Number of protein chains: 2
Amino acid sequence: MNDNIHPVDLEKAYRLLNHGPTVLVSARHGEEQDVMAAAWACALDFSPPRLSVVLDKSTRTRALIERAGTFVIQVPTAAQVQLTYEVGNRSLADDPNKLAQCGVSLLAFEGHDQPFVEGCCAWLACEVIPEPHIQHTYDLFIAQVTGAWADRRVFENGHWKFEDADPQLRSIHYVAGGQFYGIGASLVARHTPKG
Amino acid sequence: MNDNIHPVDLEKAYRLLNHGPTVLVSARHGEEQDVMAAAWACALDFSPPRLSVVLDKSTRTRALIERAGTFVIQVPTAAQVQLTYEVGNRSLADDPNKLAQCGVSLLAFEGHDQPFVEGCCAWLACEVIPEPHIQHTYDLFIAQVTGAWADRRVFENGHWKFEDADPQLRSIHYVAGGQFYGIGASLVARHTPKG
């Protein structure tokens, strides 16, 4: 495993998603595992750390999540634009060899029996909080974050540091039609007294 | 009004949020209006266009939204980093002159009796879809988008074009402690046949 991967305090886990990256969603049930792309994932609470993610009914990944009750949200990098696009456009139902064809390699994190995608810059292990009405009506899933990790080359001491790292490690932000934006320059507001 | 503001087709409205910008949330009820910052807003559906946003119980903006049933999500720019930070850190309850002190000017869009923040690069007029259980349990609000507009200098024909525009018009993506990232370089995946 990449020696740069380190655990992130759960109370800082929201920061891995706060800037709105496109993510990969992965899940395993029994022998079957799948990975999809999702632009509609969002932090939901600091403590307990929670997130929301929209999972279309047509995806195999959702079916696995509904059975397993667990999944992983991970933040792919600029080096993974093509992988992210392809896992979002190929279906495991049509192509049982999808993951290999998309160039996905999986990692294991001790104590978490879930498929983590190698080469990402952050990972959040998640457990579904069942909310059948919104799952059915809006395809919206709510989850508790049970573990978080990041690559210290871009996230350390609770902060992203994209500006100091290889641009290939930047998070990516999907628009449409295969087009993404990498995250850009750091912009800092002046601290002002509360009014 | 800025001549560059033009309506966006509702079926393309999700693209205004797809890349995960930090947003401003504004609302009016009676004579009172407020604006807050939110990093936890997310597209939820294409058609009908819907979005989700987390609104803390402590905010005055949420109280106004609960009464009015409508609000605006807008995408602030790099030129508005300070404004975005300040509306997120000052409270209308403590400071009735908050909006002026934060440098907020408001626009009106015909047919929408809501407060739109001047100088943003995109605006979504929203109507709450009542979901009392998740509003109460998770502070999560679901809304239908009833109107969308963007500044054509950065969004045209359904696509962002930040790479061709003044960097001061780029969307901003909050991390914590007053630090944001601007959106960065365009990255395009190769189209590949579905497997």
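Residues numbered from 1 in each chain as written. Chains lettered and ligands numbered in written order. Predicted model: local features only at pLDDT ≥ 70, side-chain atom pairs only at ≥ 80, totals over all residues. Heavy atoms only, no water.

J.: Help me understand the interface of chain A and chain B in this model?
T.: Think of interface size as the accessible area that goes away when the parts come together; that is how it is often given. Opposite the 61 residues of chain A that make contact, chain B presents 61 residues. Summed over both sides, the interface of chain A with chain B buries roughly 5300 Å², with 57% coming from carbon and sulfur. Considering only the surface of chain A that becomes buried against chain B, Trp 40, Tyr 138 and Tyr 181 of chain A emerge as the three largest contributors, covering 16% of it. Seen at the junction of chain A and chain B, the total is zero salt bridges. At the junction of chain A and chain B, the tally comes to 34 residue pairs in polar contact (both at pLDDT 80 or more). For the side of chain A that touches chain B, the elements supplying multiple residues, two or more each, are strand E4 (41-45), strand E5 (50-54), helix H2 (81-89), helix H4 (132-138), strand E10 (140-151), strand E12 (159-160), strand E13 (172-176) and strand E14 (179-188) of chain A. (Contact = heavy atoms within 4.5 Å. Buried area = accessible area lost by both parts, 1.4 Å probe. Salt bridge = Lys/Arg side-chain N within 4 Å of Asp/Glu carboxyl O. Polar contact = N/O pair within 3.5 Å; in protein donor to acceptor, adjacent residues only side chain to side chain. Helix = DSSP H or I, 4+ residues; strand = E, 2+ residues; numbered from the N terminus.)

J.: I would appreciate a short explanation of the sheet that holds E14 of chain A in the present structure.
T.: The strands making up a sheet are joined through hydrogen bonds of the backbone, oriented either antiparallel or parallel. Within the open sheet, the four strands sit side by side as E13(A)-E14(A)-E14(B)-E13(B). Their pairing is antiparallel. Where the open sheet ends on each side, the last strands, each with one partner, are E13 of chain A together with strand E13 (172-176) of chain B. On average, adjacent strands in this sheet sit at an angle of 40° to one another, irrespective of strand direction. Bridge count for E13 of chain B against strand E14 (residues 179-188) of chain B is four bridges, and the pairing is antiparallel. (Pairing = 2+ DSSP bridges. Axes fitted to C-alpha atoms, helices over the stretch in contact; angles between N-to-C directions.)

J.: Explain the relation of the copies chain A and chain B here, please?
T.: In this structure, two copies of a chain are linked by a rotation about an axis accompanied by a shift along it. Once chain A is rotated about the relating axis by 180° and shifted along it by 0.0 Å, it coincides with chain B to within an RMSD of 0.0 Å. Such a combination of turn and shift is consistent with a two-fold rotation axis. Take the interface residues of chain A: 100% of them recur as interface residues in chain B, which is what a same-surface contact looks like. (Least-squares fit on C-alpha atoms with pLDDT ≥ 70 in both.)

J.: Where do I start with the packing of aromatic side chains in this structure?
T.: To describe a pair of aromatic rings, one takes the distance between the centres and the angle between the planes. In this structure the tally under the stated criterion is 22 aromatic pairs over all chains. Aromatic side chains Trp 160 of chain B and Phe 162 of chain B sit 4.4 Å apart centroid to centroid with 15° between the ring planes, which places their arrangement in the stacked category. Residue Trp 160 of chain B is classed as buried on the basis of its relative accessible area of 2%. Accessibility expressed as a relative area gives 0% for Phe 162 of chain B, which makes it buried. An aromatic cluster of at least three residues, connected via ring pairs, comprises Phe 109, Phe 116, Trp 123 and Trp 149 of chain A. (Phe/Tyr/Trp six-rings, centres within 6.5 Å; stacked < 30°, edge-to-face > 60°. Buried < 20%, exposed > 50% of the residue type's maximum accessible area, 1.4 Å probe, protein only.)

J.: Help me understand the pairing of E13 of chain B in this model?
T.: Successive side chains on a regular strand alternate, one facing one side of the sheet and the next facing the other. Of all five residues in E13 of chain B, five are buried, a share of seventy percent or more. Linkage of E13 of chain B to E14 of chain B, two consecutive antiparallel strands, is achieved through a turn of two residues, within which Gly 177 of chain B is found at a positive phi near 60°.

J.: Just to check I follow, could you spell out the UniProt feature "domain: Flavin reductase like" (unreviewed entry) in chain A for this structure?
T.: Per the UniProt entry, the sites bearing "domain: Flavin reductase like" (unreviewed entry) are residues 15-157 of chain A in this numbering. For residues 15-157 of chain A, the end-to-end C-alpha separation is 11 Å, with 20% helix and 43% strand making up the annotated structure. (UniProt positions renumbered as here; feature names shortened; annotations may be inferred.)

J.: Help me understand the confidence of the model for chain A in this model?
T.: Any residue range with low pLDDT should be treated as having predicted coordinates unsuitable for detailed reading. When pLDDT is averaged along chain A, the result is 96, and 98% of the positions lie at 70 or above. This complex was scored by the predictor with a pTM of 0.96 and an ipTM of 0.95. (pLDDT = per-residue confidence, 0-100.)

J.: Sorry if this is basic, but what is going on with helix H1 (residues 60-68) of chain A here?
T.: Side chains of residues three or four places apart in an α-helix project in the same direction, reflecting 3.6 residues per turn. Residue and element names in this part refer to chain A. Every buried residue of H1 is listed here: Thr 61, Arg 62, Ala 63, Leu 64 and Ile 65. Structurally, H1 contributes buried residues whose contacts are with strand E2 (23-29), strand E3 (32-38), strand E6 (70-75), strand E9 (122-129), H4 and E10. Backbone geometry just after H1 places Gly 69 at a positive phi near 80°.

J.: So what exactly am I meant to see when it comes to the pairing of strand E5 (residues 50-54) of chain B here?
T.: Residues and elements named next belong to chain B. Across the five residues of E5, five count as buried, placing the element largely inside the fold. Covered by surrounding structure in E5 are Arg 50, Ser 52 and Val 54 together with Leu 51 and Val 53, the residues of both alternating faces. As judged from the four bridges shared by strand E4 (residues 41-45) and E5, these two strands associate in the antiparallel manner. Each bridged residue has a counterpart across the sheet, and for Cys 42 the counterpart in E5 is Ser 52. Where E4 folds back on E5, the antiparallel hairpin that results is connected by four residues. Looking at chain direction, E5 and strand E10 (residues 140-151) are connected through five bridges and run antiparallel. The residue bridging Arg 50 from the neighbouring strand is Gln 144, located in E10.

J.: How should the side chain of Ser 171 of chain A be read in this particular structure?
T.: Residue and element names in this part refer to chain A. Mapped onto the fold, Ser 171 is located in the loop between E12 and E13. Taking relative accessible area as the criterion, Ser 171 reaches 0% and is therefore assigned buried. At 3.0 Å, the side chain of Ser 171 forms a polar contact with the side chain of His 173. Sequence-distant contacts of Ser 171, defined by excluding residues within four places in its chain, comprise His 19, Pro 21, Val 75, Pro 76, Phe 162, Tyr 181, Gly 182 and Ile 183.

J.: Could you clarify how one ought to interpret the nonpolar core in this entry?
T.: Soluble globular proteins tend to bury their nonpolar side chains together. Of all hydrophobic cores here, the largest spans 107 residues; its most connected members are Phe 71 of chain A together with Phe 71 of chain B. The contact partners of Phe 71 of chain A, leaving out residues within four places of it in the chain, are Val 25, Ser 26, Ala 27, Leu 51, Val 53, Ile 65, Gln 114, Leu 124, Ala 125, Cys 126, Val 128 and Ala 143 of chain A. (Core = buried A, V, L, I, M, F, W, Y, C linked by side-chain atoms within 4.5 Å.)

J.: For this particular structure, what's the right way to read the pattern of salt bridges?
T.: Note that side chains of opposite charge can pair when their charged atoms are close. Residue and element names in this part refer to chain A. This model, assessed by the stated rule, comprises 22 salt bridges over all chains. When the shortest N-O distance is used, the salt bridge between Glu 66 and Arg 62 registers 3.1 Å. Separated by four residues within a single helix, Glu 66 and Arg 62 lie in helix H1, roughly one turn from each other. Using a relative accessible area of 46% as the deciding quantity, one classes Glu 66 as partly exposed.

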